[in-house]
Amino acid sequence: MRAGVVERYGPPSVVRIETVADPVAGRGEVLVRVMASTVNSGDARIRGARFPRGFALPGRLALGLRGPRASVLGVVFAGVVEATGAGADGVAVGDRVCGMTGARMGAHAELVAVSASRIVRIADEVSFDDAAAVLFGGTTALYFLRDRAAVRSGERVLVVGASGAVGTNAVQLAKHLGATVTAVTSAGNAELARELGADRVIDYRVDPIAALGDRGERFDVVFDTVGVLSPATGRPLLAEGGRLLLAAATLGEIVTARGPVRTGTAPQRTEDFTTLLELVGSGALRVVRDGALALDRLAEAHARVDAGRKVGNLVLHPQEAADANAA
């Protein structure tokens, strides 16, 4: 099969497309022909060894000292079951499925082997692109807003980084939970934030986040999806009983998080996949995609993520030739 291979950390140019051995479905696993994946900030951070502050050494020890041990990156996939291993009950060849591979990665390839317990079926009304694109940011937004903050109807939620993979889902999920949403993004993405349901949009270049606290504005939930706030800068924005959600926290912030400060990593739970897919299928959740690229353009996809101007999720089509689609 063809796959995107990263053997050493570095810029997007280290990504190469190679022919590698097909994975095999082991016991309890399925082999999926990947129709859609995503290239997101997590993939780019691993490729470039750009770990959050405090995670440089732990990250290299866990993933590889000079390059990722799992040389095929990508944690999100949507596709068709190609084969099943012994004990992979409840799934059949030809099923449309999606899921996340966790630390095993491997989704930036034509085929991926994954535990049958990590996949869910995709309803006919949901496309492969939407299924893949909703998982990375959607699981994080759902976990922090519903589980960590327990957002309630009528609460005021501030979403920082409202145009990214997490932020576009956070705006919509907060509204779905009944909140009044203020979105922080650039002027160019303001209309998108409004379309997604934001009651108010703030251009961070014109109105810095710190200025909100200075003039006395307070929120029940402040959700920083991109890592621009800290406990010190986020707490002044909280109303009484408010919660500060840091999705891109440093190691120190994770270790010292107390009281209203909530950090951590979103779990990859199939029940959350199902919830998100049902919302997409019903039209309650719009999947924001920043185009789709063929596997041959994977290095270009990494460069687009590095540039920091990606809106929503960038989809990867491992089955398509480079000239079969455009950004």
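So, here is what we can say about the structure in this document. No experiment lies behind these values; they were computed from the predicted model shown.

### Concerning the overall build of the chain
Then, in step 1: Helix and strand content of the chain: ten helices and 15 strands.
Then, in step 2: In terms of overall dimensions, the chain is globule-like: its C-alpha atoms have a radius of gyration of 20 Å, near the 20 Å expected for 327 residues.
Then, in step 3: Seen through its principal axes, the chain has C-alpha atoms that stretch 60 × 45 × 35 Å.
Then, in step 4: When burial is assessed residue by residue, the chain has 55% of its 327 residues classed as buried.
Then, in step 5: Within the chain, counting contacts between residues at least 6 apart in sequence, those at least 24 apart form 68% of the total.
Then, in step 6: For the chain, the accessible surface area stands at approximately 13400 Å², while carbon and sulfur atoms represent 51% of it.
Then, in step 7: Considering the chain, the positive charge centre built from 37 side chains and the negative charge centre built from 35 side chains are found 7 Å apart.

### Observations concerning the pattern of salt bridges
Then, in step 1: Counted by the stated rule, this structure contains 25 salt bridges.
Then, in step 2: Here Asp306 ties to Arg47 by a salt bridge, and the two come within 2.7 Å at their closest N and O atoms. Of this pair, Asp306 sits in helix α10 (residues 298-307) while Arg47 sits in helix α1 (residues 41-48); the two residues are 259 residues apart in sequence, bridging distant segments of the chain.
Then, in step 3: Classification of Arg47 as buried rests on a relative accessible area of 1%.

### Some thoughts on the sheet that holds strand β11 (residues 219-224)
Then, in step 1: Strands sit in the order β10-β9-β8-β11-β12-β13 across an open sheet of six strands; the sheet is parallel. Among the strands making up the open sheet, the edge pair consists of β10 (200-203) and β13 (261-262).
Then, in step 2: Note that strand β9 (residues 180-185) and β10 share four bridges and pair parallel. Bridge pairing links Ala183 to Val201 in β10.
Then, in step 3: Where helix α3 (residues 128-148) meets the sheet, its contacts fall on β8 (156-160), β11, β12 (238-246) and β13, and the angle it forms with β11 comes to roughly 155 degrees.

### With respect to the pairing of strand β15 (residues 313-317)
The side chains of a regular strand alternate, residue by residue, between the two faces of the sheet.
Then, in step 1: Of all five residues making up β15, five are buried, and the element is well covered by its neighbours.
Then, in step 2: Going residue by residue along β15, you find Asn313, Val315 and His317 tucked away on one face and Leu314 and Leu316 tucked away on the opposite face as well.
Then, in step 3: Both strand β3 (residues 29-39) and β15 contribute to a ladder of three bridges, which runs antiparallel. Along β15, the bridge assignment pairs Val39 with Leu314.
Then, in step 4: As paired strands, strand β14 (residues 289-294) and β15 are joined by four bridges and run parallel to one another. The partner of Arg289 across the bridge, within β15, is Asn313.

### Regarding the packing of aromatic side chains
Then, in step 1: With the rule as written, the count across this model stands at two aromatic pairs.
Then, in step 2: By the ring-pair criterion, three or more aromatic residues cluster together here, those being Tyr143, Phe144 and Phe223.
Then, in step 3: Lying across the ring of Phe128, Arg96 places its NZ or CZ 4.5 Å from the centre.

### Structural notes on the environment of Gly74
Then, in step 1: On the secondary structure map, Gly74 appears in the loop between α2 (56-63) and β4 (76-84).
Then, in step 2: On a C-alpha basis, the gap between Gly74 and Asp43 in space is 6.2 Å, while along the polypeptide they are 31 residues apart.
Then, in step 3: In contact with Gly74, not counting residues within four places along its chain, are Asp43, Thr101, Met105, Gly106, Ala107 and His108.

### Focus: the packing of α3 against helix α4 (residues 165-176)
Then, in step 1: One way to put it is that α3 packs onto α4 with a least axis distance of 8 Å and a crossing angle of 50 degrees. By the angle between their axes, α3 is oblique relative to α4. With respect to the hand of their crossing, α3 and α4 are arranged in right-handed fashion. For the pair formed by α3 and α4, the contact residues are Val134, Phe136, Gly137, Gly138, Thr140, Ala141, Leu142 and Leu145 on the first element and Ala165, Val166, Asn169, Ala170, Leu173 and Ala174 on the second.
Then, in step 2: Among the residues forming the contact of α3 with α4, the class breakdown is ten nonpolar, four polar and no charged.

### Re α1
Then, in step 1: Within α1, six of the eight residues are buried, which leaves it mostly tucked inside the rest of the structure.
Then, in step 2: Three or more residues of α1 are buried, namely Gly42, Asp43, Ala44, Ile46, Arg47 and Gly48.
Then, in step 3: Close packing links the buried residues of α1 with β3, α2, α3 and α10.
Then, in step 4: The N-cap residue of α1 is Asn40: its side-chain oxygen and the backbone nitrogen of Gly42 are 3.0 Å apart.
Then, in step 5: Ala49 sits one or two positions beyond α1 and adopts a positive phi of about 50 degrees.

Conventions adopted
- Residues numbered from 1 in each chain as written.
- Predicted model: local features only at pLDDT ≥ 70, side-chain atom pairs only at ≥ 80, totals over all residues.
- Heavy atoms only, no water.
- Helix = DSSP H or I, 4+ residues; strand = E, 2+ residues; numbered from the N terminus.
- Rg over C-alpha atoms; globule rule 2.2 N^0.38 Å.
- Buried < 20%, exposed > 50% of the residue type's maximum accessible area, 1.4 Å probe, protein only.
- Contact = heavy atoms within 4.5 Å.
- Areas by Shrake-Rupley, 256 points an atom, 1.4 Å probe, with all protein chains shown as cover.
- Lys, Arg positive; Asp, Glu negative; His and termini not counted.
- Charge placed at Lys NZ, Arg CZ, Asp CG, Glu CD.
- Salt bridge = Lys/Arg side-chain N within 4 Å of Asp/Glu carboxyl O.
- Pairing = 2+ DSSP bridges.
- Axes fitted to C-alpha atoms, helices over the stretch in contact; angles between N-to-C directions.
- Phe/Tyr/Trp six-rings, centres within 6.5 Å; stacked < 30°, edge-to-face > 60°.
- Lys NZ or Arg CZ within 6 Å of the ring centre and 35° of its normal.
- Parallel < 35°, antiparallel > 145°, perpendicular 65-115°, else oblique.
- Left-handed = near helix turned anticlockwise from the far one by under 90°.
- Nonpolar A, V, L, I, M, F, W, Y, C, P; charged D, E, K, R; others polar.
- Polar contact = N/O pair within 3.5 Å; in protein donor to acceptor, adjacent residues only side chain to side chain.

It is worth stressing that arrangement in space is one thing and function is another; only the former is reported here.
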